[in-house]
Amino acid sequence: MPVINTVHGPISPDLLGVTLPHEHIVAGYAGFEYDPYTRPYNREKIVNICLRALEPAKKYGLNSLIDATPMDLNRDIDVLKDVSEKMQINIICATGRYTDDMGKWTYLKQRAKSKIGDMKTELYESFMYEITKGIGQSGVKAGVIKVATGLSNISTCEEAMLRAAAQASKETGIPIITHTEGGTMGPEQTELLLEEGVNPKSIMIGHMCGNPSMQYQLSVLDMGVNISFDRFGIEVFQPDKVRLANLIGLIGIGYTDHIMISQDFIACGFGRGGILPEEERQKVANWSFTNIFRNILPALNHAGITDEQIKRIMVDNPRKLLSGVQPL
Ligand SMILES: [Zn+2]
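All of the points below concern the structure found in this document. Just so it is clear, the structure is predicted and the values come from calculations on it, not from any experiment.

Between helix α4 (residues 119-132) and helix α5 (residues 156-172), the least distance of the axes is 8 Å, while the angle of their chain directions is 40 degrees. With respect to their mutual orientation, α4 and α5 come out oblique. In the crossing of α4 with α5, the sense of the turn from one axis to the other is right-handed. Contact with α4, carried on its side by Met-119, Lys-120, Leu-123, Tyr-124, Phe-127, Met-128 and Ile-131, involves Cys-157, Ala-160, Met-161, Arg-163, Ala-164, Ala-165, Gln-167, Ala-168 and Thr-172 of α5 and no other residues of that element. Among the residues making up the contact of α4 with α5, the classes are represented as twelve nonpolar, two polar and two charged.

Turning next to helix α8 (residues 240-252). With 13 residues, α8 should cover 18 Å at 1.5 Å per step; its first-to-last C-alpha distance of 18 Å lies within 8% of that length. Along α8, the residues that are buried comprise Asp-240, Arg-243, Leu-244, Asn-246, Leu-247, Leu-250 and Ile-251. Taken together, the buried residues of α8 touch α7 (214-221), β9 (226-229), β10 (259-261), α10 (291-302) and α11 (307-322).

With that out of the way, let us pick up the sheet that holds β9. Taken in spatial order, the nine strands line up as β10-β9-β8-β7-β6-β5-β4-β3-β11 in an open sheet, and their pairing is parallel. Each having just a single partner strand, β10 and β11 (266-269) make up the two edges of the open sheet. The mean angle between the axes of side-by-side strands here comes to 30 degrees, regardless of whether they run parallel or antiparallel. Against the sheet, α5 engages β5 (90-96), β6 (144-148) and β7 (176-179), with an angle of about 160 degrees to β6. The sheet strands contacting helix α6 (residues 186-195) are β7 and β8 (203-205), and the helix crosses β8 at an angle near 165 degrees.

Take the packing of helix α1 (residues 43-59) against helix α2 (residues 77-87) next. For the pair α1 and α2, interaxial distance at closest approach is 9 Å and the crossing angle is 45 degrees. Judged on the interaxial angle alone, α2 and α1 are oblique. As for how α1 packs across α2, the hand of that crossing is right-handed. Listed contacts from α2 to Arg-43, Ile-46, Val-47, Cys-50, Leu-51, Leu-54 and Lys-58 of α1 are Asp-78, Val-79, Asp-82, Val-83, Lys-86 and Met-87.

Conventions adopted
Residues numbered from 1 in each chain as written. Predicted model: local features only at pLDDT ≥ 70, side-chain atom pairs only at ≥ 80, totals over all residues. Axes fitted to C-alpha atoms, helices over the stretch in contact; angles between N-to-C directions. Helix = DSSP H or I, 4+ residues; strand = E, 2+ residues; numbered from the N terminus. Parallel < 35°, antiparallel > 145°, perpendicular 65-115°, else oblique. Left-handed = near helix turned anticlockwise from the far one by under 90°. Contact = placed C-beta atoms within 7 Å. Nonpolar A, V, L, I, M, F, W, Y, C, P; charged D, E, K, R; others polar. Expected span 1.5 Å × (residues − 1). Buried ≥ 20, exposed ≤ 12 C-beta atoms within 10 Å, placed from the backbone. Pairing = 2+ DSSP bridges.

As structure tokens, this is what we get:
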């Protein structure tokens with residue numbers, strides 16, 4: 001029987017229900033801790049902000065989510081555990097790392113540069129540790145491996161990360177979910193992971209809705225992997241209408257069983273906070289944990305997508321992605 005690692009231990013895939021496969025409970029970019037105006041860390045306050053953000057989605061039937069925050073974007077396992085318990089939703093957390101540009105790579109780069117350590121090996125060991133032993137002292141095991149590449153390029157670090165993730169996924173069945181930047185490198189990520197021998201069912205190429213080209217979508221889908229349209233509501237990058245048109249088209253030509261949808265929402269970001277300029281603010285007006293339920297699913301229905309197809313996208317596809325894992 002396969003199991004899924006959640007922040008409260010292993011569960012049967014049948015218990016997942018409606019699942020958002022790429023969201024963030026808390027996240028913070030490297031360096032926020034040196035900002036003297038950073039909001040002070042108050043776990044109770046943070047948990048309450050997250051619960052308030054999740055509650056409306058829970059009312060729409062949300063039952064599980066993948067927290068796609070990698071180790072170097074300030075994952076907070078204690079907050080995840082608290083939120084999961086209080087909201088009564090399953091949270092699957094990630095091991096893995098962010099892009100060369102925006103993640104925390106200095107330590108590994110220094111070790112590789114001075115030939116003390118091999119980057120791919122050390123990445124693989126850290127992923128395996130978090131999958132099999134747990135994250136830090138928490139005992140919580142990661143349920144997905146998050147990997148990321150930058151704009152129009154896969155750097156040396158990112159390639160080592162992809163190859164290390166591939167090895168860990170092959171040994172454990174833990175799926176790989178990805179970050180692509182600006183609608184680029186989806187095909188290249190897919191090729192590299194498949195060349196390493198990862199099961200295509202255990203791959204979800206992310207942020208695919210960042211590229212409006214149907215050829216781009218098909219070039220990835222036709223390699224047999226899953227993709228996610230997971231930034232609904234972030235219209236700074238792409239209007240939801242464009243995402244919807246492509247999504248409806250792909251479902252219409254038979255790819256229902258390989259697509260997942262999500263919002264890449266961040267319930268609570270670390271740092272001093274701030275207000276976006278008015279023009280940008282309008283472009284994220286719908287960004288929340290409920291945009292899919294309030295706006296996107298009705299639009300799919302309106303276009304003739306059936307409730308049965310929506311169930312495959314929201315329930316069956318995440319379950320299949322996460323179901324490759326045998327008890328460790
Ligand atoms: Zn994300």
